[in-house]
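The primary structure of each chain is shown beneath.
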Amino acid sequence: MSEGFDFAVVGKGMMGAAAARHLSMAGASVALIGPDEPDDWANHGGVFASHYDNARITRTIDPDPVWARLARRSIDRYPEIAGESGIDFYAEVGCLIAAPAPGGEFDYLKNVAHARDRLGVDAPLISDDDLAQRFPWFRFPKGYGGIHEVRGAGYINPRALVLAQTLLAERSGARVIRSEVISVGEHSDHVRVATVDGQTVCAGRVLVAAGGFSLSNALLPRPMDLTVKARTVLFAEVGAEDLAGFEGMPSLIGAAAEQERSYYLLPPVVYADGKHYIKIGGDPTDRVLASEPAVREWFRGGGNKAAADHMHGLLAEVMPGFQPASTHFAPCVTSFTRHGYPYIGFASDRLAVVTGGNGQAAKCSDEIGRLGAVLVLNGHLDAPEYETDFAVSYR
């Protein structure tokens, strides 16, 4: 027997859970389908997700107006989501963007300042001499400056945010099916979705929100122009006796002209083992995962030690006074679209897709999910306030 719904959302991650919440709040009958996080990554044969983490940077300031608007609209709804779910997922600790000061060949910080002014955000430019005094945890190269966004910035806990979105979707009537999808078949008047444990769902329209696993031939009728890159993140444990010294530390984005000198870094965040870790990311090179099986294998493999060693060196440079109690690293993936914005569009008459975070979507996921919900509710996406149509490109 199969269950019938107005809509099914394939992928219980940050975008999918958000889309399910917005659809169910609109009064539609919704199935949100996707497995929970596996306990044993190395021996797990199924799919994974990039939200299996406790800390991602959130900020409003972005040189690109599309990403800035996606972020602001999502951040503005954080209090509503947290208040209604009772799940706290946002820490407003601020975000510092550090880069070579304006006036040189690398104009990243100049563009950030222009974006700040356009958005009307109170985030002063901090000179080289003042950075060390204002942020005693960090050391930057000579000639660096910084822009510090105090309000509406910090970090979110992706695991907690997905839990909150899923809970609110359920409260609004959504049916959550915690299983992996193995096939999506479109028929004249419905779409049939089958799961690995034998469940079947029929829906008028289906929204695929499977992140890097959208490469799967089982989910979409034709392959998207989506590039999935392997990423490694390093976790550096902060000893319990040292935690007080990090009070007030913001999230940090270190930008440079060279990829191998660019990174992001988060303040101490508690994880499931009860320990606090400073997380740093910034792969020095790119590795493309060309197929869905390759994405699964990457998650099972544990990450790249050479990349982790590189990040350990970056961490030692930017935080020379910090001596980690321990370190470990983990895999992740980032999905990139042709135009640099999320894909939000139809792949066929009844089958739509929302994917492609481009390394920026965690903080924006509620608005991206809302746009996906609007797409399948109305049969088209009408979002003239954005400077893109989010069109899906196919190979």
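Along each chain, numbering runs from 1 in the same order as the chain's sequence is written. Totals for whole chains, interfaces and linings use all residues, but because this is a predicted model, local features are given only for residues with pLDDT of at least 70 and pairs of side-chain atoms are given and counted only at 80 or more. As a rule here, side-chain values cover all heavy atoms of the structure and leave hydrogens and water aside.

Draft legend 1. Region of interest: the overall build of the protein. Broken down by element type, the protein carries 8 helices and 21 strands. For this measure, only C-alpha atoms enter the radius of gyration; the expected value for a globule follows 2.2 Å times N^0.38, where N is the number of residues. Relative to the globule expectation of 21 Å for 395 residues, the C-alpha radius of gyration of the protein, 21 Å, shows essentially globular dimensions. Counting only C-alpha atoms, the protein reaches 65 × 45 × 40 Å along its principal axes. Throughout this description, buried means an accessible area under 20% of the type-specific maximum (1.4 Å probe, protein chains only), exposed means over 50%, and partly exposed covers the range between. Counting all 395 residues of the protein, 57% fall into the buried class. Sequence-distant contacts in the protein: of pairs separated by 6 or more residues, those separated by 24 or more amount to 75%. Looking at the protein as shown, the accessible area adds up to about 16200 Å², and 49% of this sits on carbon and sulfur atoms. If the 36 positive side-chain charges of the protein are averaged to one point and the 48 negative ones to another, these points end up 2 Å apart. Counting from the N terminus, the helices are the DSSP runs of H or I reaching at least four residues and the strands are the DSSP runs of E reaching at least two. Note on contacts: a residue pair is in contact if any heavy atoms of the two residues lie within 4.5 Å. To measure how exposed things are, a 1.4 Å probe is used in the Shrake-Rupley method; for residues, cover is taken only from the protein chains shown. For the purpose of counting charges, residues Lys and Arg are taken to be positive, whereas Asp and Glu are taken to be negative. His and the chain ends are not included. Working definition for charges: the position is that of NZ of Lys, CZ of Arg, CG of Asp or CD of Glu.

Draft legend 2. The arrangement of the environment of Pro331 in detail. Topologically, Pro331 is positioned in strand 19 (residues 327-337). A C-alpha to C-alpha distance of 10.0 Å links Pro331 and Ala308, two positions 23 residues apart in sequence. When neighbours within four sequence positions are excluded, Pro331 is seen to be in contact with Trp41, Arg231, Trp298, Phe299, Gly302 and Gly303.

Draft legend 3. Representation of the environment of Ala42 within the structure. Mapped onto the elements, Ala42 comes out in the loop between strand 2 (30-33) and strand 3 (56-58). For Ala42, a relative accessible area of 47% puts it in the partly exposed group. As for Ala42 and Arg300, which are separated by 258 residues in sequence, their C-alpha atoms are 4.3 Å apart.

Draft legend 4. Up close: the packing of aromatic side chains. Only the six-membered ring of Trp is used, alongside the rings of Phe and Tyr, when aromatic pairs are assigned; centres must lie within 6.5 Å, and planes under 30 degrees apart are stacked while those over 60 apart are edge-to-face, with the rest tilted. For the structure on display, the rule yields 17 aromatic pairs. Here the aromatic rings of Trp67 and Tyr341 are separated by 6.4 Å at their centres, their planes lie at 40°, and the arrangement is tilted. Note that Trp67 is positioned in helix 2 (residues 65-85) and Tyr341 in the loop between strand 19 and strand 20 (343-346), a separation of 274 residues in sequence. Of the two residues, Trp67 and Tyr341, neither departs from the other in class, the shared state being buried. Members of the aromatic cluster, each reached through a chain of ring pairs, are Trp41, Phe48, Tyr52, Phe213 and Phe299. Here, a charge over a ring is recorded when the distance from Lys NZ or Arg CZ to the ring centre is within 6 Å and its angle to the ring normal is within 35 degrees. The cationic tip of Arg69 hangs over the ring face of Tyr386; the distance from NZ or CZ to the ring centre is 5.6 Å.

Draft legend 5. Local environment of the packing of helix 1 (residues 14-25) against helix 5 (residues 158-171). Taken N-terminus to C-terminus, the directions of helix 1 and helix 5 make an angle of 25°; their axes are 8 Å apart at the nearest point. Classified by the angle their axes make, helix 1 and helix 5 are roughly parallel. Seen from above, helix 1 lies across helix 5 with left-handed handedness. Contact residues: Met14, Ala17, Ala18, Ala20, Arg21 and Ser24 in helix 1; Pro158, Leu161, Val162, Gln165, Thr166, Leu168 and Ala169 in helix 5. All axes are obtained by fitting lines to C-alpha atoms, using only the stretch in contact for helices, and the reported angles, taken between N-to-C directions, cover 0 to 180 degrees. Should an angle fall under 35 degrees it is taken as roughly parallel, and over 145 as roughly antiparallel, whereas 65 to 115 is taken as roughly perpendicular and any remaining angle as oblique. Crossings are sorted by hand: turned counterclockwise from the far helix by less than a right angle, the near helix makes the crossing left-handed, and turned clockwise it makes it right-handed.

Draft legend 6. Quick look at the pattern of salt bridges. Criterion for a salt bridge: a side-chain nitrogen of Lys or Arg within 4 Å of a carboxyl oxygen of Asp or Glu. Evaluation of the coordinates by the stated rule reveals 26 salt bridges. Several salt bridges share partner residues, and in doing so they unite Arg21, Arg73, Arg77, Glu80, Asp366, Glu367, Arg370 and Glu385 into one network.

Draft legend 7. Molecular detail of the nonpolar core. Here, the term nonpolar core denotes a set of buried Ala, Val, Leu, Ile, Met, Phe, Trp, Tyr and Cys residues that are joined through side-chain atoms within 4.5 Å. Counting residues in hydrophobic clusters, the biggest one holds 48 residues, and the most contacted among them are Leu70, Phe89, Ile156, Ile368 and Phe390. Mapped by element, the contributors of at least two residues to this core are strand 1 (2-10), helix 1, strand 2, helix 2, helix 5, strand 21 (351-355) and helix 8 (365-378). Considering every element that reaches this core, the biggest residue donor is helix 2, with 8 residues. Excluding its chain neighbours within four sequence positions, the residues that come into contact with Leu70 are Pro342, Cys364, Glu367, Ile368, Leu371, Tyr386 and Phe390. Grouped together as the second largest cluster of nonpolar side chains are 39 residues, Val206, Phe299, Leu351 and Val353 included.

Draft legend 8. Geometry of the side chain of Ser393. Looking at the element boundaries, Ser393 is found in the segment after helix 8. The class of Ser393 is buried, set by a relative accessible area of 14%. Discounting residues that sit within four places of it in the chain, Ser393 has contacts with Met224, Asp225, Arg338 and Tyr343.

Draft legend 9. Just helix 5, in detail. Take the residue count of a helix, subtract one, and multiply by 1.5 Å to get its expected span. Between the first and last C-alpha of helix 5 there are 20 Å, a value that for 14 residues agrees with the 20 Å anticipated at 1.5 Å per step. Among all positions of helix 5, only Pro158, Ala160, Leu161, Val162, Ala164, Gln165, Thr166, Leu168 and Ala169 are buried. Pairing of N or O atoms within 3.5 Å defines a polar contact, subject to two protein rules: one partner must be a possible hydrogen donor and the other a possible acceptor, and residues neighboring in sequence count only if both atoms are side-chain atoms. The N-capping residue of helix 5, defined by a side-chain oxygen 3.0 Å from the backbone nitrogen of Arg159, is Asn157. Once helix 5 ends, the next one or two residues include Gly173, with phi positive near 110°.

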